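# Inside the fold
Letter by letter, the chains look like this.
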Amino acid sequence: MKLHNFSGGPAILPDYVYHKAADAIKNYNGTGLSLLETSHRSSAFAGILMEAEALLRELLSIPQAYAVLFLAGGASQHFAQIPLNLLHKDTGAAYLDSGVWAANAINEARYYGRVHVVASGKAEAYRSIPTGFAIPEDSIYFHYTSNNTIYGTTLREVPQTSVPVICDMSSDILSAEIDVTKFGMIYASVQKNAGAAGVSIIVIRKDLLDNVNPDIPNIFNYATLATNRSLYNTPPVFAIYTTLLNLQWLQREGGISAIEKRNIEKSQLLYEEIDRNRLFTGRVSNSTQRSRMNITFWADKPEQEQAFLDFAAERGVVGIKQYADYGGFRASLYNALSLESVKTLVAVMQEFEHHMQP
Ligand code: PLP
C-alpha cells in the first residue's frame, strides 16, 4: 500500500531526492566514491556547496549583502547561538512568543542579556498569534517564528520595525515567496521542507556579522563561520547534499511561486474539509493565520481521536498524530507532499464521517 506521509518532520522528501541520494551513496557523480566517504575538502563537495548556495540565492532572490551558510545542527542550536553572537550584556532583544519553539528561543536568549517579550499567545494556548505589539526601538534585534509547526499558525506579514528582524523559518522556508531584504537573518532546520536532518540554513545580513561578539568560541561565531564559507569544520556532507537535491527539485518544479500556488491549493482543500466535516474542528482561532504547512484540527469527540488515527493508518495516511501531548491532529503539507495525498486524506475524513454518522 502506498503511504501518504504527513509527518511534521523529518518529513516527506521528493522522489527525485530519494533516487539521487541513493545513487550518491553508491557512487557520487561518477567519482567512484560514495558521497559518504568523500572529503569535505574535495572538489566534489566544493561543487555541492557552491551549487546549493547559488540555487538558494536564486530561488529566494537573496542579495549579495547577505551571507548564506549551511551549518551542522538544528534551529534549537541557533536559539542559543543567535543571542550568543548578537546579544551583548548591555543590550536587549525583543521576542514574540507564538509557541513552544519561540519560547525555547526566548529561554535561551535570557542566558545572554535582557529579553523583552513583545506579546505572547500562551494564555490562548497559542491558537492565534498576537498582533499589534510594539517593538522597542533600542532592541538589538527582533525575533519571531514565521510558522508555528505545532499549533498550525502563521504570520504572513513581516512585523514592521526599524530593528533587524530575525526569523525562525524552520517549517515554512521555501514554501512561499518572501522578501529577504525585510530580514536581518533567516534561519531554518532543513528537515521539514529542505532536506534531511542535520543541517540549518542561515541567511544573515553581512553588516550584522560586524557586530558579532568577538569573545565567543570560533565554532559558534557566525562571522568566523561565514569567513570560512561553511567549512570551518567538517560539515554534514551528505545532509547538505540532500538539501541541494531539494533545491534542484524545487527549481525544476518552477520555483517558489509555482510551489506556493500548489501549497495554497493543497491547504485550501484540507481546510474546506475540516470546516465542512461534522466530526472535526480546526484548532487555529484566527482564520487569517491558518498555516499552509501544518494543518491542525481536533475530533469534536475526543474518544474518536484514536479511532480516526487507526482508520487513517489502515488507508495509508500516516504522521497525522499531533505533537507529543497536545492531542488532536496535525497534517503537514510540506512542498514534497502531493495534491493526491491531500485528496486521499480528505477522502478518508469523509469516509470516517460516513462510518461514524451514516
Ligand atoms: N523551530 C521550529 C519552527 C520547529 O518546528 C522546530 C522543530 O520542529 C525547531 C525550531 C527545532 O528544530 P530542531 O529540532 O532541528 O532543533
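Bear in mind the structure is a predicted one, so any value in this text is a computation, not a measurement.

## Points about the overall build of the protein
Helices and strands together make up the secondary structure of the protein, namely 10 helices and 14 strands. Principal-axis analysis of the C-alpha atoms places the extent of the protein at approximately 65 × 55 × 30 Å. In the protein, once contacts between residues fewer than 6 apart in sequence are set aside, the share between residues at least 24 apart is 66%.

## Overview of the domain arrangement of the protein
Domain annotation of the protein identifies domain 1 (15-252) and domain 2 (255-356). Domain 1 and domain 2 are separated by 27 Å when their C-alpha centres are compared. Where the side of domain 1 that touches domain 2 is concerned, the elements lending two or more residues are α2 (43-60), β7 (153-154) and α7 (237-252). When grouped by side-chain class, the residues that make up the side of domain 1 that touches domain 2 number nine nonpolar, 10 polar and five charged.

## Some remarks on the UniProt feature "modified residue: N6-(pyridoxal phosphate)lysine" (unreviewed entry) in the protein
What UniProt calls "modified residue: N6-(pyridoxal phosphate)lysine" (unreviewed entry) maps, in this numbering, to K192. Residue K192 is classed as buried on the basis of its 30 C-beta neighbours within 10 Å.

## Description of the packing of α2 against α7
Pairs of packed helices are described in terms of their axes, by the angle between the two and the distance that separates them. Put simply, α2 and α7 touch, their axes get as near as 9 Å, and they point 40 degrees apart. The orientation of α2 with respect to α7, classified from their angle, is oblique. Relative to α7, the crossing made by α2 is left-handed. Where α2 approaches α7, its residues F45, I48, L49, E51, A52, L55, L56 and L59 are matched on the opposing element by V237, I240, Y241, T243, L244, L247, Q248, L250 and Q251.

## Quick look at the sheet that holds strand β3 (residues 92-97)
Pairing in this open sheet of seven strands is mixed, and the strands run β2-β10-β9-β8-β5-β3-β4 from one edge to the other. Looking at which strands have only one partner, the edges of the open sheet turn out to be β2 (66-72) and β4 (114-120). Here the average twist between neighbouring strands, direction ignored, is 15 degrees. Where strand β8 (residues 165-168) and strand β9 (residues 185-189) come together, three bridges link them in parallel fashion. Residue pairing for β9: I166 is matched across the bridge by M185. Set on the sheet, α2 makes contact with β2 and β10 (199-205); between it and β2 the angle comes to about 130 degrees. Of the strands in this sheet, β3, β8, β9 and β10 touch helix α3 (residues 75-86), which is tilted by about 150 degrees from β9.

## Concerning the site of the ligand
Neighbouring the ligand are G9, G74, A75, S76, W101, T145, T149, D168, S170, S171 and S189. Its residues placed into classes, the shell around the ligand shows two nonpolar, eight polar and one charged.

## Notes on the nonpolar core
Y95, A188, I201, I204, I240 and Y241 are the most contacted members of the largest nonpolar core, which has 102 residues in total. Broken down by element, this core gets its largest block of residues, eight residues, from α7. Split by domain, this core shows at least three residues from each of two domains, domain 1 (15-252) and domain 2 (255-356). For A188, the residues in contact, after removing those within four places along its chain, are A75, M169, S170, I173, A194, S200 and I201.

## Looking at the confidence of the model for the protein
For the protein, per-residue confidence averages 97 on the pLDDT scale, and residues scoring 70 or more make up 100% of the total. Scoring the predicted complex yields pTM 0.98 and, for the interface, ipTM 0.99.

The rules we used
- Residues numbered from 1 in each chain as written.
- Predicted model: local features only at pLDDT ≥ 70, side-chain atom pairs only at ≥ 80, totals over all residues.
- Helix = DSSP H or I, 4+ residues; strand = E, 2+ residues; numbered from the N terminus.
- Contact = placed C-beta atoms within 7 Å.
- Domains from an automatic or database assignment.
- Nonpolar A, V, L, I, M, F, W, Y, C, P; charged D, E, K, R; others polar.
- UniProt positions renumbered as here; feature names shortened; annotations may be inferred.
- Buried ≥ 20, exposed ≤ 12 C-beta atoms within 10 Å, placed from the backbone.
- Axes fitted to C-alpha atoms, helices over the stretch in contact; angles between N-to-C directions.
- Parallel < 35°, antiparallel > 145°, perpendicular 65-115°, else oblique.
- Left-handed = near helix turned anticlockwise from the far one by under 90°.
- Pairing = 2+ DSSP bridges.
- Near = placed C-beta within 6 Å.
- Core = buried A, V, L, I, M, F, W, Y, C linked by C-beta atoms within 7 Å.
- pLDDT = per-residue confidence, 0-100.

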